[in-house]
Amino acid sequence: KRYIGVDLGGTKIAAACVDESGHITNETRIETGAHEGAESVYERIRQAIMRASGEEPIHGIGIAVPGLTDPRTGTILTLSNIPSLDGFPLADRLAKEFGVSVQIDNDANAASWGEYHFGSGKGADSLLFVTISTGIGGGIVLNGQTIQGKQGFAGELGHMVVDPEGFACGCGRKGCLEAVASGTAIARWAKEADPQALFFQYAKEQNREVRSEDVFQAWEAGDSIANEIVENVIRYLGMGFANYIHIFNPERIVVGGGVSKAGVRFFDLLRKQVEQETIPVYKGTFEIVPAELLERGAILGAAMLGGK
Ligand code: ADP
Ligand code: ZN
């Protein structure tokens, strides 16, 4: 069977045809044109699906969107990057148009479903997907099922408070994991640091503001200020992950997003920290692994949602 997976982003729409073994064909990209309004964005999604479908019949469509959806009604609730689609009955419209079932879900939820089927989550019955990017997003698969909750809002792993005195979060609270340990947060810690820090030099060489990757580069080079920031971030992530483990008892935590590119040393430290934070009986019950599918995770997961 052939399913269409769509990754609807604020700047581009990516789509592809996926079969049951995760084989991808007809990959296509088109600009979202978010400023042109709902009907125009809808038309572009339709175009992307037609191109991804090719000539053969399709058996389902799944759409991953960067924000809150109601998977039960297939309605978009709110997308901060594409505000014109708020309240849009996307699944209904596409189902009428293409005559197949259409599922819609948050992009991190879709990516968790993708990793579960075809990525680093393969073979694990229960997993958490955590994306450490501009923000921190998450998706939960427990005993082979995606967890959606009453409204489809479950899995907001980035909005667990780990420091009540921490930076303000976009959600209105203080010290959410996202606010203190995302790529954006790491850059924020860096900007407040001693101007002697090596990462400022790296940023200056590139003629831009300091970024999370500069901090990790300086850390690898042995800079003590970078080390302080990274240790602090690992401490927060360790606290958050241990909390997740105690609640969900996952077999694997799959970590994706830009910050997961920080490398092997980062993962080793994170594992050690989480081991220290977890209650002894949980030791050896979980693994922490890098995501495998990267930007294709949402497409693959969306396609498999479409096949549900
Ligand atoms: P998005 O949030 O748009 O999905 P990404 O998942 O690529 O994008 O995450 C971007 C964040 O990851 C930025 O804060 C960026 O500074 C950070 N980042 C990118 N590459 C690295 C790296 N190699 N090491 C650490 N942080 C990185
Ligand atoms: Zn928050």
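In what follows, the structure referred to is the one given above.
Notes on the structure in this doc start here. (Residues numbered from 1 in each chain as written. Chains lettered and ligands numbered in written order. Predicted model: local features only at pLDDT ≥ 70, side-chain atom pairs only at ≥ 80, totals over all residues. Heavy atoms only, no water.)

Moving on, we come to the nonpolar core. By size, the foremost hydrophobic cluster in this structure holds 44 residues, and its most contacted members are Phe199, Leu237, Phe241, Phe266 and Ile288. With 11 residues, helix α8 (residues 224–248) is the largest single contributor of residues to this core. Among the nonpolar cores identified, the runner-up in size contains 30 residues, and Val41, Ile45, Ile63 and Ala91 belong to it. (Core = buried A, V, L, I, M, F, W, Y, C linked by side-chain atoms within 4.5 Å. Buried < 20%, exposed > 50% of the residue type's maximum accessible area, 1.4 Å probe, protein only. Helix = DSSP H or I, 4+ residues; strand = E, 2+ residues; numbered from the N terminus.)

Surrounding ligand 1, one finds Ser133, Thr134, Gly183, Thr184, Ser212, Glu213, Phe216, Gly257, Gly258, Val259, Lys261 and Ala262. Between an oxygen atom of ligand 1 and a side-chain N or O atom of serine 133, the distance comes to 3.2 Å. One nitrogen or oxygen atom from the side chain of serine 212 is found 2.6 Å from a nitrogen atom belonging to ligand 1. In isolation ligand 1 offers 570 Å² of accessible surface; the protein chains occlude 63% of this area. Residue assignment for the shell around ligand 1 shows that the elements contributing at least two residues are α5 (183–191) and α7 (212–220). (Near = heavy atom within 4 Å. Polar contact = N/O pair within 3.5 Å; in protein donor to acceptor, adjacent residues only side chain to side chain. Areas by Shrake-Rupley, 256 points an atom, 1.4 Å probe, with all protein chains shown as cover.)

With the rule as written, the count across this model stands at 9 aromatic pairs. Between phenylalanine 199 and phenylalanine 200, the ring centres sit 5.1 Å apart and the planes meet at 50 degrees, which makes this aromatic pair tilted. Phenylalanine 200 sits in the partly exposed class, given a relative accessible area of 24%. A connected cluster of aromatic rings, assembled from ring pairs, spans Phe216, Trp219, Phe266 and Phe267. Here the guanidinium or amino end of arginine 188 rests over the ring plane of phenylalanine 167, the centre of that ring lying 3.9 Å away. Here the basic side chain of arginine 265 rests over the ring of tryptophan 219, its NZ or CZ set 3.9 Å away from the ring centre. (Phe/Tyr/Trp six-rings, centres within 6.5 Å; stacked < 30°, edge-to-face > 60°. Lys NZ or Arg CZ within 6 Å of the ring centre and 35° of its normal.)

Attention now moves to the coordination of the zinc ion (ligand 2). At the metal site, the zinc ion (ligand 2) is ligated by His159 (ND1), Cys169 (SG), Cys171 (SG) and Cys176 (SG), and these contacts range over 2.0 to 2.4 Å. The site at the zinc ion (ligand 2) holds 4 donor atoms, and with the angles between them running 106 to 117 degrees, its shape is tetrahedral. One chain supplies every donor to the zinc ion (ligand 2), and in sequence these donors are spaced H-x9-C-x1-C-x4-C. Overall, the relative accessible area of 9% leaves cysteine 169 in the buried class. (Donors = N, O, S within 2.8 Å, 3.2 Å for Na, K, Ca; no water. Tetrahedral: all angles 85-135°; square planar, octahedral: opposite > 155°, others 65-115°.)

Turning our eyes to something else, we now look at the pairing of strand β6 (residues 75–78). The side chains of a regular strand alternate between the sheet's two faces. As judged from the 3 bridges shared by strand β5 (residues 68–70) and β6, these two strands associate in the antiparallel manner. If you follow threonine 69 over to β6, its bridge partner there is isoleucine 76. Taking the residues between adjacent antiparallel strands as the criterion, β5 and β6 are bridged by 4 residues, where glycine 74 takes a positive phi near 70 degrees. (Pairing = 2+ DSSP bridges.)

Pairing in this open sheet of 5 strands is mixed, and the strands run β10-β9-β8-β11-β12 from one edge to the other. Edge strands, defined here as strands with exactly one partner in the open sheet, are β10 (145–146) and β12 (287–290). Of the pairings in the sheet, the one linking strand β8 (residues 127–132) to strand β11 (residues 252–256) comprises 5 bridges and is parallel in character. Bridging across to β11, valine 130 finds its partner in valine 255.

Before going further, it helps to spend a moment on the packing of α7 against α8. For the pair α7 and α8, the least separation of the axes is 8 Å and the interaxial angle reads 115 degrees. In this structure, α7 meets α8 at a crossing whose hand is left-handed. Seen from α7, the contacting residues are Val215, Phe216, Ala218 and Trp219; seen from α8, they are Ala226, Asn227, Ile229 and Val230. A per-class count over the contact of α7 with α8 returns 7 nonpolar, 1 polar and no charged. (Axes fitted to C-alpha atoms, helices over the stretch in contact; angles between N-to-C directions. Left-handed = near helix turned anticlockwise from the far one by under 90°. Contact = heavy atoms within 4.5 Å. Nonpolar A, V, L, I, M, F, W, Y, C, P; charged D, E, K, R; others polar.)

Right, let's talk about the packing of helix α1 (residues 38–53) against helix α2 (residues 90–98) for a bit. Direction vectors running N to C along α1 and α2 enclose 45 degrees, while the axes themselves pass 12 Å from each other. Accordingly, the angle class assigned to the pair α1 and α2 is oblique. Between α1 and α2 lies a crossing whose hand is right-handed. In contact with Glu39, Tyr42, Ile45, Arg46, Ile49 and Met50 of α1, α2 contributes Leu90, Arg93, Leu94, Glu97 and Phe98. (Parallel < 35°, antiparallel > 145°, perpendicular 65-115°, else oblique.)

Moving on, we get to the side chain of threonine 75. Structurally, the position occupied by threonine 75 is in strand β6. Looking at threonine 75, its side chain comes within polar contact range of the side chain of threonine 73, at 2.6 Å. Discounting chain neighbours no more than four positions away, the residues touching threonine 75 are Thr69, Asp70, Gly87, Phe88, Pro89 and Ile104.

Looking at the secondary structure, you find glutamate 220 in helix α7. By relative accessible area, glutamate 220 is classed as partly exposed at 44%. Dropping the residues within four chain positions of it, glutamate 220 is found in contact with Ala262 and Arg265. Polar side-chain contacts of glutamate 220 include one of 3.2 Å to the side chain of arginine 265.

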